[in-house]
Amino acid sequence: MTDAQETAAEPDLRTPGGAPPVDVETAPIPLLEPREGIPPVVATQEALDEVVAAFARGTGPVAVDAERASGYRYGQRAYLVQLRREGAGSALIDPVGCPDLSGLGEALAGSEWILHAATQDLPCLREIGMVPARLFDTELAGRLAGFPRVGLGAMVESVLGYALEKGHSAVDWSTRPLPEPWLRYAALDVELLVDLRDALEKELDRQGKLEWARQEFDAIASAPPAPPRKDPWRRTSGMHKVRRRRQMAIVRELWNARDRIAQRRDVSPGKVLSDTAIVEAALAVPLNVQALSALPGFGHRMGRRQLEQWQGVVDRARALPDSELPQPGAAVTGPPPPRSWADKDPAAAARLSAARAAVSALAEELNMPQENLITPDTVRRVCWEPPQEGTMAAVAAALASYGARQWQVQLVSPLLTKALTVTAAT
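Residues numbered from 1 in each chain as written. Predicted model: local features only at pLDDT ≥ 70, side-chain atom pairs only at ≥ 80, totals over all residues. Heavy atoms only, no water.

As recorded in an unreviewed UniProt entry, the protein chain goes by the name HRDC domain-containing protein, listed as coming from Streptomyces albidochromogenes.

Before going further, it helps to examine the overall build of the protein chain. Looking only at helices and strands, one finds 20 helices and six strands in the protein chain. Looking at the protein chain as a whole, 46% of its 426 residues are labelled buried. Pairs at least 24 residues apart make up 67% of the contacts formed inside the protein chain by residues separated by at least 6 positions. Split by element, the accessible area of the protein chain, about 21600 Å² in all, is 51% carbon and sulfur. (Helix = DSSP H or I, 4+ residues; strand = E, 2+ residues; numbered from the N terminus. Buried < 20%, exposed > 50% of the residue type's maximum accessible area, 1.4 Å probe, protein only. Contact = heavy atoms within 4.5 Å. Areas by Shrake-Rupley, 256 points an atom, 1.4 Å probe, with all protein chains shown as cover.)

Another point: the nonpolar core. Of all hydrophobic cores here, the largest spans 81 residues; its most connected members are V81, L83, I93, L196, L373 and L399. Among the elements that take part in this core, helix α16 (residues 346-366) stands out by supplying seven residues, more than any other. Once residues lying within four places of it in the same chain are set aside, the contact partners of L83 are F55, V62, A63, V64, G89, S90, A91, I93, L104, L108, M130 and V190. Judged by nonpolar contacts, the second largest core, of 32 residues, contains V242, A249, W255 and L320. (Core = buried A, V, L, I, M, F, W, Y, C linked by side-chain atoms within 4.5 Å.)

What follows concerns the confidence of the model for the protein chain. When pLDDT is averaged along the protein chain, the result is 91, and 92% of the positions lie at 70 or above. Ignoring residues within four places in sequence, the model shows residues 1-26, a span with pLDDT below 50, making 45 contacts including any to other chains. (pLDDT = per-residue confidence, 0-100.)

The next point concerns the pairing of strand β2 (residues 59-68). By the criterion of burial, β2 is predominantly enclosed, with seven of the ten residues buried. Sheet analysis places β2 next to strand β3 (residues 78-86), joined by eight bridges and oriented antiparallel. Note on β3: the bridge partner recorded for A66 is V81. Looking at chain direction, β2 and strand β5 (residues 112-115) are connected through two bridges and run parallel. Residue A63 lies in a different strand from β5, and its bridge partner there is I114. (Pairing = 2+ DSSP bridges.)

Structure follows, in structure tokens:
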């Protein structure tokens, strides 16, 4: 907490993060307390109707958060939704008891939603009928404003001078009933989101970045749901060790079998079988249960029936005809890895080096991460296949075609136009 934060009604954000904190021994950071206590968990339609009516009557933006059970349950569904709005107070909603929140989403349709790291929560909110038309992402705002630490706790502490309780972010939120300390933690996550939003809006405006942030928020709100990943088994941790097609088939078959079991049991796939075990089995190609049981991940804790089940999957992969084996790699849809550019196309490597240096310098000048100024993938694509016309307008059109926002196009086009004229050293 800064001296200004302690004495002023609004936080002093003359530099991102405020001034250096005062001695915590003389001015300890207060622990945030719920203003109205912990609200009861809404788990019936009658209680939900009351919340919908209260939040419809409320005014101003609405703070929204969601808790999932990553690492415990299958998928990324929401197990608790937290909201806060002026005139309505806070609400904790159980999506297990109230799986359809489309009525609440409709009541808030015209309001600005405040989320922290919005892209993490929007998919699970969409599943239960909550889709914002407008939003303000406090984590992204912090990145654009140049804050070095953009976690919610760090932002609330540096901007507003309060400490959030810690320790419950990675718990199993599918637990019922939810313990009171967890509910307290969840309620506090939305307690000061509106205050944080207002302070960050002022700071972005002061830095001349508010319009940039609005374009980013609009892009998030209007983005369609991500399509399902093709061949998700290829993302198995340690997959780079697997070289032969038969081994890749074992990874694919074990991954798919594990996914079916995890979905049926509603548990995290890692609790069924680890990625390490899948890769070890693929590398070893065990011929029988005894060989399989000697591999890491298939030890003494696994029963005979389970071992036979996994060995059966391996045997099916071993019996596949060559025509059904996976190809060595997924289809390449973009540039090759930059480490190979110098050999494949020295001129492209020179362009990329110049572009990276220019983007890095501008990002440092603007006090924001390079990836928020422009995505590295976009820079690679433009440098690998430059537009036929080397004009700034052509470069701008290329950036826009890859999804760059207008503010990014305006700032980066001159840099890339210049970088595309660089030739490889002879």
